[in-house]
Amino acid sequence: MVKNKKINEATMAVWSGERDYLAFGATQVPVVHSVAYSYDDIDEWYEVAIGKRKGHIYGRNTNPTVQSFEDKVKELEGAEAATSFSTGMAAISNSLLTILKPGDRIVSIKDTYGGTNKIFSEFLPRLNIEVTLVETGNHEEMESEIEKGCTIVYLETPTNPTVKITDITRISKAAKAVGALVFVDNTFATPINQNPLQLGADLVIHSATKFLGGHADALGGVVCGDSTLVHSIYHYREINGATLDPMAAYLLLRGMKTLKLRIEKQQENALAVARYLAKHDKVAEVFYPGLESHKNHEIAKEQMRGFGGMLSFALKGELEAVRQFLPRLQFANRAANLGSVETTVGPARTTSHVENTPEERAALGIPEGLVRYSAGIEDIDDLLADLTQALDAIDN
Ligand SMILES: *Cc1c(COP(=O)(O)O)cnc(C)c1O
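Calculation criteria
Residues numbered from 1 in each chain as written. Predicted model: local features only at pLDDT ≥ 70, side-chain atom pairs only at ≥ 80, totals over all residues. Heavy atoms only, no water. Core = buried A, V, L, I, M, F, W, Y, C linked by side-chain atoms within 4.5 Å. Buried < 20%, exposed > 50% of the residue type's maximum accessible area, 1.4 Å probe, protein only. Helix = DSSP H or I, 4+ residues; strand = E, 2+ residues; numbered from the N terminus. Contact = heavy atoms within 4.5 Å. Near = heavy atom within 4 Å. Polar contact = N/O pair within 3.5 Å; in protein donor to acceptor, adjacent residues only side chain to side chain. Areas by Shrake-Rupley, 256 points an atom, 1.4 Å probe, with all protein chains shown as cover. Nonpolar A, V, L, I, M, F, W, Y, C, P; charged D, E, K, R; others polar. Axes fitted to C-alpha atoms, helices over the stretch in contact; angles between N-to-C directions. Left-handed = near helix turned anticlockwise from the far one by under 90°. Expected span 1.5 Å × (residues − 1). Bend = angle between axes of the 7 residues up to and from the residue. Phe/Tyr/Trp six-rings, centres within 6.5 Å; stacked < 30°, edge-to-face > 60°.

Describing the nonpolar core
Then, in step 1: Residues F69, V73, L212, C224, L244 and L259 are the most contacted members of the largest nonpolar core, which totals 37 residues.
Then, in step 2: Looking at this core, the elements with two or more residues in it are α1 (9–15), α3 (64–76), β7 (221–225), α10 (246–256), α11 (259–278) and β9 (310–315).
Then, in step 3: Here this core takes five residues from α10, the largest share from any one element.
Then, in step 4: Beyond its immediate stretch of four places on either side in the chain, L212 contacts V73, P191, H206, V222, L252, G255, M256, L259 and R262.
Then, in step 5: Counting residues in hydrophobic clusters, the runner-up holds 27 residues, among them V283, L326, A375 and L387.

Regarding the site of the ligand
Then, in step 1: Within the structure, the ligand sits among 15 residues, and G88, M89, D185, T209 and K210 are positioned closest to it.
Then, in step 2: At 2.8 Å from an oxygen atom of the ligand is found a main-chain nitrogen or oxygen belonging to M89.
Then, in step 3: With the chains in place, 93% of the 380 Å² that the ligand exposes on its own is no longer accessible.
Then, in step 4: The dominant element in the shell around the ligand, judged by the number of residues it contributes, is helix α4 (residues 88–99), at three residues.
Then, in step 5: Here the shell around the ligand is composed, by residue class, of five nonpolar, seven polar and three charged.

Description of the packing of α3 against α10
Then, in step 1: The interhelical angle for the contact between α3 and α10, taken along N-to-C directions, is 35°, at an axis separation of 8 Å. Between α3 and α10 lies a crossing of left-handed hand. Where α3 abuts α10, its residues T65, V66, S68, F69, K72, V73 and L76 lie against P246, A249, Y250, L252, L253 and M256.

Remarks on helix α5 (residues 114–126)
Then, in step 1: With 13 residues, α5 should reach 18 Å at 1.5 Å per residue; the first-to-last C-alpha distance of 18 Å fits that figure.
Then, in step 2: By the largest-angle criterion, F120 marks the main kink of α5, which is about 35°.
Then, in step 3: Residues of α5 that are buried: G114, G115, T116, N117, K118, I119, F120 and L124.
Then, in step 4: For α5, the secondary structure elements touched by its buried residues are α4, β2 (105–109), β3 (130–134), β4 (152–156) and α14 (358–363).
Then, in step 5: A positive backbone phi angle near 60° is found at N128, which sits one or two residues after α5.

Some remarks on the packing of aromatic side chains
Then, in step 1: Summed over all chains, the structure comprises four aromatic pairs.
Then, in step 2: When the centroid spacing of 5.5 Å and the interplanar angle of 80° are considered together, the rings of F120 and Y154 count as edge-to-face. Residue F120 is located in helix α5, and its partner Y154 is located in strand β4; the two are separated by 34 residues in the primary sequence.
Then, in step 3: Relative accessible area serves as the criterion here: at 0%, Y154 is assigned to the buried category.
Then, in step 4: Look at F313 and Y373: their rings are 6.5 Å apart centre to centre, the planes differ by 55°, and that puts the pair in the tilted class. Note that F313 is positioned in strand β9 and Y373 in strand β12 (residues 370–374), a separation of 60 residues in sequence. When sorted by exposure, F313 lands in the same class as Y373, which is buried.

Following this line, the structure appears as structure tokens:
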């Protein structure tokens, strides 16, 4: 492939990262299940082991199918390097623990993904790491906390499930001024819509389980950044062992070929659903960065190329209305995942924030009647008709 010439994301999604791993003239990357690699020449084996020569030693460290997946994500994020993990949470925890040590301080937002929030509230304080969580979208508060000094600024934008937006460029500038690293969970935006590294971030994190894979059939995580940072995170992971399985890597790689197509369709559907719900009398509030009514719509317009396939909405009838509404939907899985080709719905209390107590959810501004809606690639007329009949069934 021609280097240095920027190709479009749709082309990258199909072609990037694959050519170096094809074998026997096959057009598809093989799933290499081998745990270890055999060498007749012990000097060659040694050179591979110390990284002087290309090759593989043991599956916990590297694997060709896994590397092909990493290369594809790396190119889409415009990064120098990428390394992968068994899950998105493994990507997040391994990246944080590579850098943080006792006495450090991290500044983040209140409504990160539930699992991330647990790391902040339960595990990091145990290691004597100070965690400061600010109101999501309050840039002044975040800047003044960063000014006090910190090791990492951790962002997620848009957030799960209320799709709040943080200005990556602005916060990265504040972080740079105190020598802090900026991590951004880019799961909701995907590299099709947002490239945090180009906006000043140091590390971009994905739960590949969601939009990257896109078919709800494989778990995985991946991070991208400069070679030095990514290599140190890779080293932590190869020793601690949260390695991506080759079969999962293959499924993610295959899913990613249609990434651009899927995201375009999903965000077209999400916008139409958000506009429809915003006018519905049984709906109290709709959260979608593509709506002009969204608090940080202007920032989203500035840093994103599209607004993504995720939205959430609160029903006026709260939890009882959700109880009546959700089972009526015909074209939606009621499930804990998101980003798949099928529309997927669920209350925050059983999905993104299942790890939190009702009191914690309330403090995070997540109503118990909130429905998270991950738009699939179905025909929009069918999705709207489905929503109409399910909303009609609510009796208050
Ligand atoms: C799902 C999710 C994660 C965690 O990913 P897993 O693959 O489930 O471990 C992290 N961040 C966000 C924004 C997510 O939606």
